[in-house]
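Observations on the model geometry
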Amino acid sequence: MLYKYIIITLLVLMNSPSMASSTLPVIVRTPQYNITAEPTELPIILNKIHSWIIHIDDTAGQPVQGLEFQIKGGMPAHQHGLPTQPELINEPKPGEYIIDGVKFNMYGTWQIELINLNPNSQFHYKIEFDLDHVNAK
Amino acid sequence: MLTLNKVMVIISSAITVLLIYFITYNSAPVITIWTQEELAILRSLRLPSKWKTSDPSNNYLIKPQAALLGKLLFSDTQLSRYQQIACASCHQPEHYFTLAANSDISLDKQVPTLLGVASFNWFMLDGSADSLWAQALIPLENQIEHGGTRTQYVQYVLNRYPQLYQAAFGSLPALLMNTILPEQASPTSQYVDEQKNWQRLGTQIQTEINRVYANIGKSLAAYQATLWPRDTRFDRYIDQVTASSRPPDISGKPLLSADEIAGLKLFISEQGQCIRCHNGALFSNGDFHVTTVPMPHLSAQKGRLAGVEYALKDPFNCLGYYSDSESAQCKELIFIKRSSSELKGATKVPSLRNIADTAPYMHAGQFSTLTEVLHYYNRAATPFGTHSDLAPLKLLPYQLNQLEVFLLTLSEENIDEPTR
């Protein structure tokens, strides 16, 4: 009986695709920045273009303004990118960035990457989360 | 010793037979308990009680007069250049708006069903149209389909259906009504003299012809926006398991068999992978993916990679002059993904509704049976150096059988009334 539980536990662990969470907003803490990201509307509608709001503060809690970055991303486990090409469209308040054109076409673990347009910049952060039937429909 | 050998042989044979039986015919245990996560997935696959459609580029999408004109044009063979075919010749209403395998007409690509088509964002197998009305115009000027030109269609519709056109789109275009137009003229005609005819018309008349031509597309789209799939045994099973907290074996006999339920379980599982692309009530995400299926159709060789460029240049796209939308509403075009290797060979994910009754399969009908399709996905060999969105399923034969019997539950019992 014990073997059975061990095998089941191992199988479950092996089949766990990711440690990402479906909780929104996604919070990314780095040595330089605290990034908070969430869709402007919830739930996320599968296969529909929508926008995200990204707050970027420094570690002292001060908003980081004037950043310019491009958006990439995708599903690492499936080896494909985002189905659209989202763009940074606005910074309505200091440190608050709006990206539009985001679409997810399947459930699972997604990444949205923020990459500074300056090639010499080290600004490259990944927002990872699980799109599931709780946060999306 | 000899006897011992015989016993060993008999035991080995028995084990082999049992293994083969288990692998081939193993019947899964009856699964009647669904997790909350699984129930949420099942609800997302059920047909909605009411469909919501919108297309900001088509103000006439839900206008009944436009839909009526579109319905008449859809079945009107007189519209085509040689008065022999109509949209309904290939999108056969009695066959879920697809082309029956035993039809007199043969095409080198699959005809997708139109049931539910209005809920998609992109059209054609390579996504070369960003609206249903822009898509409707493509076969009209395709030389192997309707084969005519926009000038021919505009004159035909204004002469044959003037009252209906007015009811749907307002007054008749005075400039066109008072001008003698060439019988055939289009910038995309297969014939040089018809292209020259177009050039001679001048910008003002060209614009008026294009406007009426766009309206023809919009009326065909309005009709297609009335075509929706109907509930199947699968949908009723979803009602059965989601309506009550009690398991179905208490509230009544399950509407799906044990194997069908096991197939459904596989379909929505990470192992089955099906729901990655075949999600939502139409069992399609409406997007484009690479299956590297052998012998791709010419338009599938580049697939979405070329379709994107076509859609961006199309004068009848969402950002074009004949669109009814504000530019900001054209997000699918504005945020379109271009020039990615992932797009090469990517084709549109078809709906799986009524799939058992709409053979053959894949975009060019490469497979005759669902069994062949599932075996292909089970192996999913990817040519070296090619992007593929498939990973081998590695399912056992009995699991493939379960998936197949589940897919049969997506068929409507009868198709007397395909619309609602």
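Here, the structure is the one placed above.
Structure report, in brief.

What counts and what doesn't
- Residues numbered from 1 in each chain as written.
- Chains lettered and ligands numbered in written order.
- Predicted model: local features only at pLDDT ≥ 70, side-chain atom pairs only at ≥ 80, totals over all residues.
- Heavy atoms only, no water.
- Helix = DSSP H or I, 4+ residues; strand = E, 2+ residues; numbered from the N terminus.
- Buried < 20%, exposed > 50% of the residue type's maximum accessible area, 1.4 Å probe, protein only.
- Contact = heavy atoms within 4.5 Å.
- Buried area = accessible area lost by both parts, 1.4 Å probe.
- Salt bridge = Lys/Arg side-chain N within 4 Å of Asp/Glu carboxyl O.
- Polar contact = N/O pair within 3.5 Å; in protein donor to acceptor, adjacent residues only side chain to side chain.
- Pairing = 2+ DSSP bridges.
- Axes fitted to C-alpha atoms, helices over the stretch in contact; angles between N-to-C directions.
- Phe/Tyr/Trp six-rings, centres within 6.5 Å; stacked < 30°, edge-to-face > 60°.
- Lys NZ or Arg CZ within 6 Å of the ring centre and 35° of its normal.
- Parallel < 35°, antiparallel > 145°, perpendicular 65-115°, else oblique.
- Nonpolar A, V, L, I, M, F, W, Y, C, P; charged D, E, K, R; others polar.
- Core = buried A, V, L, I, M, F, W, Y, C linked by side-chain atoms within 4.5 Å.

Across its full length, chain A carries one helix and nine strands. Listed N to C, the secondary structure of chain A is α-β-β-β-β-β-β-β-β-β in terms of helices and strands. For chain A, the proportion of its 137 residues judged to be buried stands at 47%. In chain A, 59% of the contacts between residues at least 6 apart in sequence involve partners at least 24 apart.

Between chain A and chain B, the contact holds 20 residues from the first and 21 residues from the second. Overall, the association of chain A and chain B removes approximately 1,800 Å² of surface from exposure, summing both partners, and the carbon and sulfur fraction of that is 51%. For the pair chain A and chain B, the number of links is two salt bridges. Two residues, Lys331 of chain B and Asp100 of chain A, come together in a salt bridge whose shortest N-O distance is 2.8 Å. Linking chain A to chain B there are 11 residue pairs in polar contact (both at pLDDT 80 or more). For the side of chain A that touches chain B, the elements supplying multiple residues, two or more each, are strand E5 (80-81) and strand E7 (96-102) of chain A.

All names here are of chain A. Spatial strand order, E1-E2-E3-E7-E6: five strands in an open sheet with antiparallel pairing. Unpaired on one side and paired on the other, strand E1 (26-29) and strand E6 (87-93) mark the two borders of the sheet. Across this sheet, the average inter-strand angle for adjacent strands is 25°, counted without regard to direction. Pairing analysis gives four bridges linking E1 to strand E2 (residues 33-39), with the strands arranged antiparallel. Bridge pairing in E2 links Val26 to Ala37.

Residues and elements named next belong to chain B. Within the structure shown, the criterion is met by 17 salt bridges over all chains. Salt-bridge contacts for Arg46 lead to Asp239; the nearest nitrogen and oxygen are separated by 2.7 Å. Here the residue Arg46 occupies a position in the loop between helix H2 (36-45) and helix H3 (64-74), and Asp239 occupies one in helix H11 (residues 233-243), the gap between them amounting to 193 residues. We classify Arg46 as buried; its relative accessible area is 17%. You can call Asp239 partly exposed: its relative accessible area is 31%.

What follows concerns the packing of aromatic side chains. Residue and element names in this part refer to chain B. A full pass over the atoms with the stated rule returns 26 aromatic pairs over all chains. Ring geometry for Phe234 versus Phe283: centroids 5.5 Å apart, planes at 70°, classification edge-to-face. Of the two residues, Phe234 sits in helix H11 while Phe283 sits in the loop between helix H14 (274-277) and strand E1 (288-289), which places them 49 residues apart along the sequence. Comparing Phe234 with Phe283 shows no difference in burial state: the two are buried. Among the aromatic residues, those joined into a cluster by ring pairs are Trp133, Tyr153, Tyr213, Phe316, Tyr321 and Tyr322. One cation-aromatic arrangement involves Arg150 over Trp198; the distance from NZ or CZ to the ring centre is 5.4 Å. The ring of Trp133 has Lys218 lying over it, and the distance from NZ or CZ to the ring centre is 4.7 Å.

Of note, the amide linkage connecting Leu42 of chain A to Pro43 of chain A takes the cis form, showing an omega dihedral of -5°. Relative to the assigned elements, Pro43 of chain A resides in the loop between E2 and strand E3 (50-58). In the segment running from Ala359 of chain B into Pro360 of chain B, the intervening peptide bond is cis, with an omega of 0°. By the secondary structure assignment, Pro360 of chain B is in the loop between strand E2 (347-348) and helix H18 (370-379). At Met124 of chain B, a residue that is not glycine, the phi angle is positive and equals roughly 75°. Note on placement: Met124 of chain B falls in the loop between helix H4 (87-90) and helix H5 (132-140).

The subject of this paragraph is the packing of H3 of chain B against helix H10 (residues 203-224) of chain B. Residues and elements named next belong to chain B. It is at 7 Å that the axes of H3 and H10 come closest, and there the two elements cross at 95°. For the element pair H3 / H10, the angle class is roughly perpendicular. Where H3 abuts H10, its residues Ala66, Ala67, Leu69, Gly70, Lys71, Leu73 and Phe74 lie against Ile216, Ser219, Leu220, Ala222 and Tyr223. When grouped by side-chain class, the residues that make up the contact of H3 with H10 number nine nonpolar, two polar and one charged.

Below, the discussion takes up the nonpolar core. Across soluble globular proteins, nonpolar side chains show a tendency to be buried alongside one another. Residues and elements named next belong to chain B. Leu73, Phe74, Val154, Leu176, Ile209, Ile216 and Phe316 are the most contacted members of the largest nonpolar core, which totals 60 residues. Among the secondary structure elements, those contributing two or more residues to this core are H3, H4, H5, helix H6 (150-160), helix H7 (162-169), helix H9 (192-201) and H10. Dropping the residues within four chain positions of it, Leu73 is found in contact with Leu79, Val157, Tyr161, Ile216, Ser219 and Leu220. In this structure, Phe234, Ile275, Leu352 and Tyr376 belong to the second largest nonpolar core, which totals 35 residues.

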